[in-house]
Amino acid sequence: MEKLLTNILSSLGKNKNIIKINHFKRCIIMKMIKDIMKRFKIPVFAFNQSKIEKDSNNEDASFSKPKTTFKDVAGLDEVKEELVEIVDFIKNPDKYKKMGAQVPKGILFYGPPGTGKTLLAASIAGETNSAFFNTTGSEFVEKYVGVGAKRVRTLFEKARKEAPSIIFIDEIDAIGAKRHLESNNEKDQTLNQLLVEMDGFNKDNNVIMIGATNRLDLLDEALTRPGRFDRHIYIGNPNYFTRHEILKVHTKDKPLCDEVNLEEIAKKTHGLSGAHLANIANESAIIAVREGVSQIKKHHFDKAIERIVAGLESKNSKLIEKEKKIVSYHEAGHALISNALNTNPIQKISIIPRGQALGYVLQLPDEDRYIYTKEDLINKMKVLFGGKAAENLIFNHTSTGAKDDLNKITQIATQMVCEYGMSSLGNMTIDSNFKGFMIDKIQAEINSIMNQCYEETVELLKSQMEELHIVSNYLYENESLTHDEFKSIIKRALT
Ligand SMILES: Nc1ncnc2c1ncn2[C@@H]1O[C@H](COP(=O)(O)OP(=O)(O)OP(=O)(O)O)[C@@H](O)[C@H]1O
Ligand SMILES: [Zn+2]
């Protein structure tokens, strides 16, 4: 397989006579093949992209008119709501111009791979009948100085000519990563050209830029600041309901046997992305064809899920279920302690992995507070301990899941002792000159503060065991909870 793909890539690059396709189509095919290689973890060593593109940079940027609309994007309602305004602007620019309103030029989708970022961008184009320029950052990365910049210029010229248009740049970090001291001349020129083009948008252009990245933190600030890509929209992995919706979309034209229960499949696929689910739907159809039957059955789906999950992290779904249970109790613990101590209100509780975190509790940010009392800090630590305490109470174990919480707690306790004079060592700050002499005493203080906090958290949680079970079961089933849902569950549990 590896050899075959490498050969295809080389012939696409070297032999333009055999495969008569233009530069952008070749790029799209190459991206598809590269995606396959990435998914199957095949190294791309034998393939020299700059060689392939070097001789074809005179060709025009190509575009399509997608038929995709918001209906094809399952779930993601909050995101779609946010995008309705952009759609309206493209459809009725005069309405906004009359008001002197500036609509964002650039939108940045960020989040894990396969969550529908490209699909959403295409659906904005579909909703507005705009020309869709579908590119990836790596297409502009060149060995020869000036080539990438020229390609950016050509792209924008064409987009303005075809307006209304959407320029989509996937993996924008390939050109937009932070500039370092040891600068890469070609890359900088390409990024600069992109910035110049964005600044040069005039009000009548009706061209919207959409960038996508898995790593927002890598992007150069010049790109993300107001007036450039200034709307950042997080697109995460789907929750149970959305997974169900996505499965419906991807099986709507497939002959399913009555025994197939999409809700059940959605439950089994916690942590997977939309792309994985689309893959599972397709794979199960292929397995059914291989078996020579006319309908897709439950065991075809089971096989497809097994294959995709096993290919992912060699985790079996039983382990995933067990982890899900632990994370549900952990996050419920955080939320209940926060609620009991009346700290910042909870916005959302979720057990859908996000970055390194297996789950999270989103609290409303502090309102510009600069001063915290000792009690505030202790409450903060207790909320952070809530996860570990819940795990300990229910499973009688300590897991690695509380690492991040412990880091934060240790930091607060250390500051209380060494910076704020909030320990029995007295009203003093202890700077690094003194730390060496007093290290044992400091450690004993930190330990005592943390231990007391933890014990009190456990006691507080013990008084809410019923709520803990209810909230964590709800989380386990639904995978995320809003503030209102949390409040109403607690209220019901108490009546
Ligand atoms: N919300 C969704 N509704 C329907 N299909 C989805 C959804 N999310 C993902 N998919 C399916 O997954 C495929 C891949 O999604 P897409 O390419 O848009 O992801 P992406 O976020 O751009 O990924 P990457 O970061 O890898 O470029 C889509 O073509 C679609 O089939
Ligand atoms: Zn935690």
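An unreviewed UniProt entry annotates the protein chain as ATP-dependent zinc metalloprotease FtsH of Alkalithermobacter paradoxus. Its UniProt record gives the protein chain a comment under Subunit (unreviewed entry), which states: "Homohexamer." Taken directly from UniProt, the Function (unreviewed entry) text for the protein chain runs: "Acts as a processive, ATP-dependent zinc metallopeptidase for both cytoplasmic and membrane proteins. Plays a role in the quality control of integral membrane proteins."

Asks: How do you make sense of the UniProt feature "active site" (unreviewed entry) in the protein chain when you look at a structure like this?
Replies: Per the UniProt record, "active site" (unreviewed entry) is annotated on Glu 331. Residue position: Glu 331 is located in helix 15 (residues 317-340). Under the C-beta neighbour-count criterion, Glu 331 is labelled buried, with 27 such atoms within 10 Å. Excluding anything up to four places from it in sequence, Glu 331 contacts Ile 349, Ile 351, Gly 359, Val 361, Gly 387 and Leu 475.

Asks: Teacher, can you tell me more about helix 17 (residues 403-418) here?
Replies: The α-helix advances 3.6 residues per turn, and as a result positions three or four apart in sequence lie on the same side. For helix 17, which comprises 16 residues, the first-to-last C-alpha distance of 22 Å matches the rise-based estimate of 22 Å (1.5 Å per residue) to within 8%. For helix 17, every residue scored as buried is listed here: Ile 409, Ile 412, Ala 413, Met 416, Val 417 and Cys 418.

Asks: Quick question: what am I supposed to make of helix 11 (residues 240-251) here?
Replies: Helix length check: helix 11 (twelve residues) gives 17 Å between terminal C-alpha atoms against 16 Å at 1.5 Å per residue, within 8%. For helix 11, the complete set of buried residues consists of Thr 242, Arg 243, His 244, Glu 245, Ile 246, Leu 247 and Thr 251. Buried residues along helix 11 sit against helix 12 (262-268) and helix 13 (274-290).

Asks: Sorry, what's going on with the site of ligand 1 here?
Replies: Inspection of the region around ligand 1 gives 19 residues, with Pro 113, Gly 116, Lys 117, Thr 118 and Gly 274 positioned closest. For the shell around ligand 1, the secondary structure elements donating two or more residues are helix 6 (117-128), helix 11 and helix 13. Of the residues in the shell around ligand 1, the class split is ten nonpolar, seven polar and two charged. If you count residues domain by domain, the shell around ligand 1 takes at least three from each of domain 2 (70-234) and domain 3 (240-314).

Asks: I keep staring at the sheet that holds strand 8 (residues 480-482) and nothing clicks. Help me out?
Replies: As a general point, the strands of a sheet are linked pairwise by backbone hydrogen bonds and lie either parallel or antiparallel. Strand order across the open sheet formed by three strands is 7-6-8, with antiparallel pairing between neighbours. With partners counted over all chains shown, the strands left at the sheet margins are strand 7 (360-363) and strand 8, one partner each. The average undirected angle you get between the axes of adjacent strands in this sheet is 10 degrees. With three bridges connecting them, strand 6 (residues 346-350) and strand 8 associate as antiparallel partners. Counterpart to Lys 348 in the pairing with strand 8 is Thr 482. Relative to strand 8, helix 20 (residues 483-494) is tilted by about 90 degrees, and along the sheet it contacts strand 6 and strand 8.

Asks: Would you mind showing me how to read the UniProt feature "binding site: ATP" (unreviewed entry) in the protein chain here?
Replies: When the UniProt feature table is mapped to this numbering, "binding site: ATP" (unreviewed entry) covers Gly 111, Pro 112, Pro 113, Gly 114, Thr 115, Gly 116, Lys 117 and Thr 118. Tracing the backbone through its elements, the reader meets Pro 113 in the loop between strand 1 (106-110) and helix 6. Not counting residues within four places of it along the chain, the set of residues in contact with Pro 113 comprises Asn 214 and Ser 273.

Asks: Looking at this structure, I do not really get the confidence of the model for the protein chain. What am I missing?
Replies: In low-pLDDT segments, the atomic positions of the prediction should not be examined closely. Taken residue by residue, the protein chain gives an average pLDDT of 81. The fraction at 70 or more is 79%. Contacts of residues 10-24 to residues separated by more than four positions or lying in other chains number 18 contacts, the stretch itself having pLDDT below 50. With a pTM of 0.63, the predicted complex shows an ipTM of 0.93.

Asks: Teacher, can you tell me more about unusual backbone geometry here?
Replies: Most peptide bonds take the trans configuration, and most residues that are not glycine carry a negative phi. Along the chain, Ala 163 connects to Pro 164 via a cis peptide bond; the corresponding omega equals 5 degrees. If you trace the backbone, Pro 164 turns up in the loop between helix 7 (147-161) and strand 3 (165-170). We note that Asn 129 has phi near 55 degrees; this positive angle belongs to a residue other than glycine. Examined against the element boundaries, Asn 129 turns out to sit in the loop between helix 6 and strand 2 (131-136). Even without being glycine, Glu 479 reaches a positive phi, approximately 75 degrees. Mapped onto the elements of the fold, Glu 479 is located in the loop between helix 19 (465-478) and strand 8.

Asks: Just to check I follow, could you spell out the sheet that holds strand 5 (residues 229-234) for this structure?
Replies: With parallel pairing, five strands are arranged side by side in an open sheet as 2-3-4-1-5. Both outer strands of the open sheet, strand 2 and strand 5, are each paired with one neighbouring strand and no more. Direction aside, neighbouring strands of the sheet carry axes that sit 20 degrees apart on average. As defined by bridge partners, strand 3 adjoins strand 4 (residues 207-213) across five bridges and the pair is classed as parallel. Within strand 4, the residue paired with Ile 166 across the bridge is Ile 208.

Asks: Explanation requested: the nonpolar core in the structure shown.
Replies: Soluble globular proteins tend to bury their nonpolar side chains together. Within the largest apolar cluster, 60 residues are counted, with the highest numbers of intra-cluster contacts made by Ala 121, Phe 132, Phe 133, Ile 166, Ile 167, Phe 168 and Ile 210. The leading source of residues in this core is helix 6, at six residues. Residues from two domains meet in this core; each of domain 2 (70-234) and domain 3 (240-314) gives at least three. Apart from the residues within four sequence positions on either side, Ala 121 is in contact with Ile 166, Phe 168 and Ile 210.

Asks: Where do I start with the pairing of strand 2 in this structure?
Replies: For a regular strand, side chains alternate in direction, first toward one face of the sheet and then toward the other. Burial of strand 2 is extensive: six of the six residues sit out of reach of the surface. Alternating positions in strand 2 separate into two faces, Ala 131, Phe 133 and Thr 135 on one and Phe 132, Asn 134 and Thr 136 on the other, with burial throughout.

Asks: Looking at this model, I keep getting lost on the environment of Lys 105. Mind explaining?
Replies: Position of Lys 105 among the secondary structure elements: in the loop between helix 5 (93-98) and strand 1. Since 18 C-beta atoms lie within 10 Å of it, Lys 105 is described here as partly exposed. Placed 122 residues apart in sequence, Lys 105 and Gly 227 show a C-alpha to C-alpha distance of 6.9 Å.

Basis of the calculations
- Residues numbered from 1 in each chain as written.
- Chains lettered and ligands numbered in written order.
- Predicted model: local features only at pLDDT ≥ 70, side-chain atom pairs only at ≥ 80, totals over all residues.
- UniProt positions renumbered as here; feature names shortened; annotations may be inferred.
- Helix = DSSP H or I, 4+ residues; strand = E, 2+ residues; numbered from the N terminus.
- Buried ≥ 20, exposed ≤ 12 C-beta atoms within 10 Å, placed from the backbone.
- Contact = placed C-beta atoms within 7 Å.
- Expected span 1.5 Å × (residues − 1).
- Near = placed C-beta within 6 Å.
- Nonpolar A, V, L, I, M, F, W, Y, C, P; charged D, E, K, R; others polar.
- Domains from an automatic or database assignment.
- Pairing = 2+ DSSP bridges.
- Axes fitted to C-alpha atoms, helices over the stretch in contact; angles between N-to-C directions.
- pLDDT = per-residue confidence, 0-100.
- Core = buried A, V, L, I, M, F, W, Y, C linked by C-beta atoms within 7 Å.

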